[in-house]
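Residues per chain, in single letters:
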Amino acid sequence: MLDHDILIVGGGLTGLRAAVGLCDRFNVGLISKVYPTRSHSIAAQGGINAALTNNPDSRDDSWEKHTFDTIKGSDFLADQDAAEIMCKEAIGIVYEMEHWGCPFSRFPDGTIAQRPFGGAGYPRTCYSADITGHVLLNTLYERAVAKGVKIYPELFVAGLCIEEGQCHGVVALDMKTGELIPVSAGVTFFGTGGYGRVYQHSTNALINTGSGIGMAYQAGLPLKDMEFVQFHPTSLIGTNILMTEGCRGEGAYLLNNQGERFMQRYVPSAMELAPRDIVSRCIQTEMDEGRGFEHPLGRYIQLDLRHLGSKKIIERLPGIRNICIDFIGIDPVLEPIPIMPCQHYSMGGIDVDKRCASELPGFYAGGECACVSVHGANRLGGNSLLDTIVFGKLGAQAIGEDLEDGVPRPDEKAILRLKDKVEEKFRRLAAPGAEKPYRIHAELGAVMNEKVGIFRTREELEQALDKLIELKRRYGDVGVSSPVRYMNYELTAALELEAMLDVSHTIILGAILREESRGAHFRTDFKTRNDGDWLKHTIARMGDDGSPVLSFKDVTITRYQPTERKY
Amino acid sequence: MIKASAYTFKILRYDAMKPESSPCFSTYKIRVIPGLTVLSVLIRIRDEIDGTLSFRSSCRSAVCGSCAMVINGKLDLACRTQVAAFDTDTIILEPLPNFEVIRDLVVDMTPFWTMYEKVQPYLIRHSPVPEKELPQSEAERLRIDQYVNCILCACCYGACPVLARGPDSDYMGPAAAVKLERFVLDSRDERPAGALDVVNDEKGVWACDTMFHCIDACPKDVRPTDAIVGLRKAMVKNRFQKMLGKAKNEA
Ligand SMILES: Cc1cc2nc3c(=O)[nH]c(=O)nc-3n(C[C@H](O)[C@H](O)[C@H](O)COP(=O)(O)OP(=O)(O)OC[C@H]3O[C@@H](n4cnc5c(N)ncnc54)[C@H](O)[C@@H]3O)c2cc1C
Ligand code: FES
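Scope of this entry: the structure provided in the associated data block. (Residues numbered from 1 in each chain as written. Chains lettered and ligands numbered in written order. Predicted model: local features only at pLDDT ≥ 70, side-chain atom pairs only at ≥ 80, totals over all residues. Heavy atoms only, no water.)

## Description of the overall build of chain A
Right, on to step 1. When helices and strands are counted, chain A shows 16 helices and 19 strands.
Right, on to step 2. Scaling as 2.2 N^0.38, a compact globule of 567 residues should have a C-alpha radius of gyration of about 24 Å, and chain A matches this with 22 Å.
Right, on to step 3. Taken across its 567 residues, chain A has 67% of its residues classed as buried.
Right, on to step 4. Across chain A, every contact between residues at least 6 apart in sequence was considered, and the portion connecting residues at least 24 apart equals 72%. (Helix = DSSP H or I, 4+ residues; strand = E, 2+ residues; numbered from the N terminus. Rg over C-alpha atoms; globule rule 2.2 N^0.38 Å. Buried < 20%, exposed > 50% of the residue type's maximum accessible area, 1.4 Å probe, protein only. Contact = heavy atoms within 4.5 Å.)

Structure representation (structure tokens):
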């Protein structure tokens, strides 16, 4: 049995930042199913928000203005105290990353460069060309190596151990040897990332299954605001690789098949830089009304960079250019990029407070797998990288405070009991079954895409629910090709699929219940926001029959009374 | 309508847990539409034909460094390689060279990361930090740019002729040199000259035969040989300075 004071699951920005904050004082172990630098955080492109006021156009920016933009962007569902903390911490966090060596792009005066992003009153998005996630994640991994954090790469967490109102640790599969390893820990912190892959079309890495969210939920923890799913306006058709909002930040146009900058008709004040939920709906509407382009890979809209000129494109968006050339054979210097909206980010997640604490002593979560909530119904671009590092840091601080009187003693017997359960699951999956995991995954992705997408109606959501219940039933017959446990990706995929089905269940049910439109959740049968009935968080717990049971929780409002969200 | 063409995929299979079995190719015939990447075909094979096939992947967009392998004799990332990029309808896939295979296309990366850790791959500073950012000019930032772009995929490590001489070579490999040079050239880094000592020997930068295979193999246009040459120059300069210093002291 492995034993740590504090176990961190997740080698993305959140997990690494938490580990770096705790390893001096505690015996910390960090588990990740991939080498940390393969985590999804690596793929973030556009930047991280902080009111540094480095940009000549942002001299009178402030963290308060950042807070307001965040809350307005969230369609007033964010907890305002938490959003305030995040935006205030942002400035110090960016400087700290810089001091640790993060190679940000620079302005001519040697300060960190900042670009405009959607929904922001000032250009406050700090960046490194279009590889901001890459430089941040490498810097934090380097810090973790410098501090000697004990890292276990390629350990796949298969179950979270909660008994008698306490968290005792996890059971993990060593992917190299196939051994099931019980891990006991006084405190467990999840930074396990989002669930994008429950959708067929997603910008997310293939490993973003949301299994951490699913496992926490299966272990009895509540999830929050799961119906709020962000659809990014601009993903490359076919592969759905992200074309960063930084493209539009640098001045790119969105064009329909009439060659029209159609955002003019919807949000003339913000044009292409309106918040994501709004731009995605505009693009979808253009395509639905016949003003898209047709392509064998799907209908699309053009993202046009050409007028920026080759110098700016090559300097500021080199990664975007390479992706276009490698993946669709188009050079954006010469041709517009064919894009479509698709799933991008999970606003909802494990219900935690602004200290990353869950309702259960000994269990904490942060980053995309968690919902504090700072993003409410719609996250602003550049606020998620911020969320991961800020709450990685604050979560670590909170854990440090909570352990001042000593580290709780986990119950090893409970972990061994969980190990037996996981064993049993593995045996069942390894028995020949009629269903292949990928089929169920593909059908899940398709139904989430078609019926739980940008525009939603009760009728379609109920169809999605029926389908989900069918898929859950069929999951009982899933079998994988080989009982071998090492480097058996079909086996781990089958295990994660169970979590994906549960996560999707909470998304669909939340979307059915919420009879209003707010942020990224748009109901064509209830087109307006309804603060009287729905200014509240949705909480989902797993009921006795395995289905979610929903309840609600108040939103924290401090300084900003909800008003109509206009841009 | 896009037309699918028939392709033959030959994939080298091996299972280190069954040492009695020797590596052999499995052949899969699959219809592929233009624009599909090698990685997406691998996923289809695992999903639909052979669930036991083992390979790594994560970002599917050439940024995470998971999926390096040998594709028709060329080292590259499976996710950024188009099936249609070759003048043949047969695609042969083999694991990264210079590593032990764990299973199929999955190799044991431990030696790669050990070398990475050895070079102190992080910014080292002693001076107090300012309240705001440490200023860095655009030119200074540009100096480290190519090295910053490394995604640690180990294509260079797999391509290196020195490492190919066998596990006894103990050579640090190109990627670790890139990481070290990235910090040595960073205007903010204050590592002492002695920090280069760990790679100042025949297992370090002096082992490189400057054959440039790593440069050809890098999917991110990083030039590891530049880093190695840069580190060698820095070492020579340090030695001169040391000798000069000594001479001065003796005088
Ligand atoms: C293409 C793209 C571009 C983006 N660009 C931006 C941007 O410019 N600005 C911005 O603010 N945000 C951006 N985002 C969002 C942002 O990148 C993510 O929200 C953020 O990186 C998530 O970080 P994380 O630490 O929460 O999780 P991740 O980085 O996803 O890490 C999750 C970790 O958990 C581990 N893990 C998960 N499950 C298990 C398990 N069962 N067992 C063991 N380990 C497990 C994984 O191995 C991984 O290490 C972007 C997102 C995408 C998809
Ligand atoms: S899957 Fe990330 S580099 Fe290929």
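Following the structure, the description resumes.
## As for the site of ligand 1
All names here are of chain A.
Right, on to step 1. As a matter of local geometry, ligand 1 sits amid 38 residues, with Ser39, His40, Ser41, Glu368 and Ser384 nearest to it.
Right, on to step 2. In this structure, Lys33 approaches ligand 1 through a main-chain N or O atom, which is 3.1 Å from a nitrogen atom.
Right, on to step 3. Gly46 is positioned with one of its backbone polar atoms (N or O) 2.8 Å from an oxygen atom of ligand 1.
Right, on to step 4. Compared with its free state, where it exposes 1,000 Å², ligand 1 has 98% of that area covered by protein.
Right, on to step 5. Listed by contribution, the elements that provide at least two residues to the shell around ligand 1 are helix H1 (13–22), strand S7 (155–163), helix H5 (211–218), strand S14 (337–346) and helix H11 (383–402).
Right, on to step 6. Counting residues per element, the shell around ligand 1 draws most heavily on H11, which supplies four residues.
Right, on to step 7. Split into classes, the residues belonging to the shell around ligand 1 amount to twelve nonpolar, 23 polar and three charged. (Near = heavy atom within 4 Å. Polar contact = N/O pair within 3.5 Å; in protein donor to acceptor, adjacent residues only side chain to side chain. Areas by Shrake-Rupley, 256 points an atom, 1.4 Å probe, with all protein chains shown as cover. Nonpolar A, V, L, I, M, F, W, Y, C, P; charged D, E, K, R; others polar.)

## Re the packing of aromatic side chains
All names here are of chain A.
Right, on to step 1. Summed over all chains, the structure comprises 14 aromatic pairs over all chains.
Right, on to step 2. With centroids separated by 5.7 Å and ring planes inclined at 85°, the aromatic side chains of Tyr199 and Phe231 adopt a geometry described as edge-to-face. Taken as a pair, Tyr199 in the loop between strand S9 (180–190) and H5 and Phe231 in strand S11 (residues 229–236) lie far apart in primary sequence, 32 residues in all. Both residues of the pair, Tyr199 and Phe231, count as buried.
Right, on to step 3. Note on Phe262 and Tyr266: the rings are 6.4 Å apart at their centroids and 90° apart in plane angle, and the pair reads as edge-to-face. (Phe/Tyr/Trp six-rings, centres within 6.5 Å; stacked < 30°, edge-to-face > 60°.)

## Considering the state of the cysteines
Residue and element names in this part refer to chain B.
Right, on to step 1. The final tally for this structure, using the stated rule, is zero disulfides over all chains.
Right, on to step 2. With no disulfide of its own, Cys150 has Cys156 as its nearest cysteine by sulfur position, at a separation of 6.4 Å.
Right, on to step 3. A relative accessible area of 14% means that Cys150 is categorised as buried. (Disulfide = S-S within 2.5 Å.)

## Quick word on unusual backbone geometry
It is generally the case that most residues other than glycine have a negative phi and that most peptide bonds are trans.
Right, on to step 1. Cis geometry is adopted by the peptide bond preceding Ser373 of chain A, which originates at Val372 of chain A and carries an omega value of 10°.
Right, on to step 2. For Ser373 of chain A, the location among the structural elements is in the loop between strand S17 (370–371) and H11.
Right, on to step 3. Although it is not a glycine, Asp75 of chain A sits at a positive phi angle of roughly 55°.
Right, on to step 4. Relative to the helices and strands, Asp75 of chain A is located in the loop between helix H2 (63–73) and helix H3 (80–99).
Right, on to step 5. Under the relative-accessibility criterion, Asp75 of chain A is labelled buried at 7%.
Right, on to step 6. The residue Ala154 of chain B is not glycine, and still its phi comes out positive at about 75°.
Right, on to step 7. One can find Ala154 of chain B in the loop between helix H4 (145–148) and helix H5 (155–159).

## Some details on the interface of chain B and chain A
Often, the extent of an interface is quoted as the loss of accessible area upon association of its parts.
Right, on to step 1. Taken together, the contact pairs 63 residues of chain B with 56 residues of chain A.
Right, on to step 2. Of the roughly 4,900 Å² buried between chain B and chain A, counting both surfaces, carbon and sulfur atoms make up 54%.
Right, on to step 3. Taken together, the connections running from chain B to chain A amount to five salt bridges.
Right, on to step 4. The shortest N-O distance in the salt bridge between Asp326 of chain A and Arg80 of chain B comes to 3.7 Å.
Right, on to step 5. There are 35 residue pairs in polar contact (both at pLDDT 80 or more) connecting chain B and chain A.
Right, on to step 6. Looking at the side of chain B that touches chain A, the element that brings in the most residues is helix H1 (residues 38–49) of chain B, giving five residues.
Right, on to step 7. The class makeup of the residues in the side of chain B that touches chain A is 29 nonpolar, 14 polar and 20 charged. (Buried area = accessible area lost by both parts, 1.4 Å probe. Salt bridge = Lys/Arg side-chain N within 4 Å of Asp/Glu carboxyl O.)

## Examining a nonpolar patch on the surface
Right, on to step 1. The grouping of Trp206, Val236, Phe240 and Met243 of chain B at the surface amounts to a nonpolar patch, some 390 Å² of accessible area in total.
Right, on to step 2. Turning to its location among the elements, Trp206 of chain B is positioned in the loop between helix H6 (174–184) and helix H7 (213–217). (Patch = residues over 30% accessible without salt bridge, like charges linked within 9 Å, V, L, I, M, F, W, Y side chains within 5 Å.)

## Section: the sheet that holds strand S18 (residues 536–542) of chain A
Residues and elements named next belong to chain A.
Right, on to step 1. Overall, mixed pairing links the five strands, which are arranged S17-S15-S10-S18-S19 in an open sheet. A single partner strand is all that each edge strand has here, and the edge strands are S17 and strand S19 (548–554).
Right, on to step 2. Inspection of the sheet shows strand S10 (residues 223–224) paired to S18 by two bridges, in the antiparallel sense. Within S18, the residue paired with Leu223 across the bridge is Ala540.
Right, on to step 3. Strands S10, strand S15 (349–351), S18 and S19 of the sheet are contacted by H5, whose axis makes an angle of about 70° with S18.
Right, on to step 4. Contacts from helix H15 (residues 489–513) reach S10, S18 and S19, with the element oriented near 60° to S19. (Pairing = 2+ DSSP bridges. Axes fitted to C-alpha atoms, helices over the stretch in contact; angles between N-to-C directions.)

## Here we look at helix H14 (residues 458–475) of chain A
Residues separated by three or four positions in an α-helix point in the same direction, a consequence of the helix having 3.6 residues per turn.
Right, on to step 1. With 18 residues, H14 of chain A ought to run about 26 Å at 1.5 Å a step, and its terminal C-alpha atoms sit 25 Å apart, in line with that.
Right, on to step 2. In this structure, the buried side of H14 of chain A is in contact with helix H12 (412–430), helix H13 (437–451) and H15 of chain A. (Expected span 1.5 Å × (residues − 1).)

## Description of the pattern of salt bridges
Residue and element names in this part refer to chain A.
Right, on to step 1. A complete count under the given rule lists 71 salt bridges over all chains for this structure.
Right, on to step 2. Note that Arg17 is salt-bridged to Glu96, the shortest N-O span being 3.0 Å. Linking Arg17 in helix H1 with Glu96 in helix H3, this pair joins segments that are 79 residues apart in sequence.
Right, on to step 3. A relative accessible area of 5% means that Arg17 is categorised as buried.
Right, on to step 4. Between Arg518 and Asp531 there is a salt bridge; the shortest N-O distance is 2.9 Å.

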